[in-house]
Structure formats: structure tokens, C-alpha cells
Amino acid sequence: NSKEIENLINLNQLKIYNCYEGKIGTEICSLINLRILHVVNSGIKSIPVEISNLIHLEALYVNLNYIKVIPAEICKLTNLKELCFQTNEIKEIPKNIWNLFKLKILNLSKNKIRQVPKSFGKLMNLEQLYLYKNEIEELPKTLHNMINLTHFNLCHNKILFFPDKIKLLENY
């Protein structure tokens, strides 16, 4: 019974794979001590706004689902170090993603993203950025601020040229 999960108040890691319920229940969002949440290949179409209750969350993996929108509430999870929405149907990255200043790994590959917001450049602690297999046509010049990047994959997009400042990224 998914209602009983909210009784697991000390749970700090939850991994749900191949469970085709089609949603993340709000019960999961009441697990305030959760540090790691994986909901993979589970038919998820949306993320509840209550996700912002998971203030201690450090890693969120929601791969292989049908999510079209990353809710702005995700950007309130300021302890996130890893965020992965690989293989979904996302078209847009939240503009306030820069609030996730502790983020080290961001994987938004295999989606339908067309544009990278300028605020991306404020993710200065980011070490790994994966945006391959999207529909990105242009990159903001602010990406050159990501001085800690060690992995940067943009393969299979529609990018015609890189801004000069991005070519100066030393770690990549």
C-alpha cells in the first residue's frame, strides 16, 4: 500500500524501478529525511509540487519516464548534488535552475530541449553536464562560467556554432 510509505520517516534512500504506477505519490514527498530518490522506468508523467518538501534530497534520478515539465519546485531543493531526468519528454529547463548551487551532476539527455537558459552559467559547481540527444540550437555565452566542468556532452543536437567564450573552458 503506497499510503503506508509515509510511515517510513527515517528512510534516506528510495529506489523505485519498473513500477508502472505512473506517478510519484505525494506520500513519497512526506519522507523528509530522504537523501536519494530514484524513480526509473515507471511511467511517470509528472512530478508533484510537493517534491519541494524533500529539503534534504541530494540526488534525484527520474530517468526513462514520460515527464514533459521539470516543475519549478525542483529548484527549491538546494541540497541537490545530482539531478537526472534522462530519457523523458522535457522541452524546457526551468530558468531558476541556478538556485541549485550545490549541483555537481546534471543529466538532461535524450529529451526535447531546445534552449539552455542563460542562468545555467550560474551553476559554477557543476562538474558533469549531459545534454546529448536534444534539440538544442544555441548555447548561452554564460556557460563559460562553469569553470569546474570536467564532463560536457552535447552530441546529437542542432548546434551550429559554439560561442567563443565557451571554447575557453579549460577543464573540458
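How each quantity is defined
- Residues numbered from 1 in each chain as written.
- Predicted model: local features only at pLDDT ≥ 70, side-chain atom pairs only at ≥ 80, totals over all residues.
- Heavy atoms only, no water.
- Pairing = 2+ DSSP bridges.
- Helix = DSSP H or I, 4+ residues; strand = E, 2+ residues; numbered from the N terminus.
- Axes fitted to C-alpha atoms, helices over the stretch in contact; angles between N-to-C directions.
- Buried < 20%, exposed > 50% of the residue type's maximum accessible area, 1.4 Å probe, protein only.
- Polar contact = N/O pair within 3.5 Å; in protein donor to acceptor, adjacent residues only side chain to side chain.
- Contact = heavy atoms within 4.5 Å.
- Salt bridge = Lys/Arg side-chain N within 4 Å of Asp/Glu carboxyl O.

### Quick word on the sheet that holds strand S7 (residues 151-153)
With respect to topology, seven strands assemble into an open sheet ordered S1-S2-S3-S4-S5-S6-S7, the strand pairing being parallel. The strands lining the two open edges of the sheet, one partner per strand, are strand S1 (13-17) and S7. Across the sheet, the axes of successive neighbouring strands diverge by a mean angle of 5°, strand direction being ignored. Looking at chain direction, strand S3 (residues 59-61) and strand S4 (residues 82-84) are connected through three bridges and run parallel. The residue bridging Ala-59 from the neighbouring strand is Glu-82, located in S4.

### Describing the side chain of His-38
Assignment of secondary structure puts His-38 in strand S2 (residues 36-40). Owing to a relative accessible area of 11%, His-38 belongs among the buried residues under this scheme. Separated by 2.8 Å, the side chains of His-38 and Tyr-17 make a polar contact. Non-local contacts of His-38, meaning those with residues more than four positions away in its chain, are made with Leu-14, Lys-15, Ile-16, Tyr-17 and Tyr-61.

### A few points about the pattern of salt bridges
Counted under the stated rule, the structure contains three salt bridges. Two residues, Lys-104 and Glu-127, come together in a salt bridge whose shortest N-O distance is 3.6 Å. Residue Lys-104 is located in the loop between S4 and strand S5 (105-107), and its partner Glu-127 is located in the loop between S5 and strand S6 (128-130); the two are separated by 23 residues in the primary sequence. Among the residues examined, Lys-104 registers a relative accessible area of 34% and is labelled partly exposed. Using a relative accessible area of 30% as the deciding quantity, one classes Glu-127 as partly exposed.

### Here we look at the pairing of S2
Burial runs high along S2: four of the five residues are buried. Pairing of S1 with S2, which is carried by five bridges, proceeds in the parallel orientation. Across the sheet, residue Gln-13 finds its bridge partner in S2, namely Ile-36. Across three bridges, S2 lies against S3 in parallel orientation. Bridge pairing in S3 places Ile-36 opposite Ala-59.

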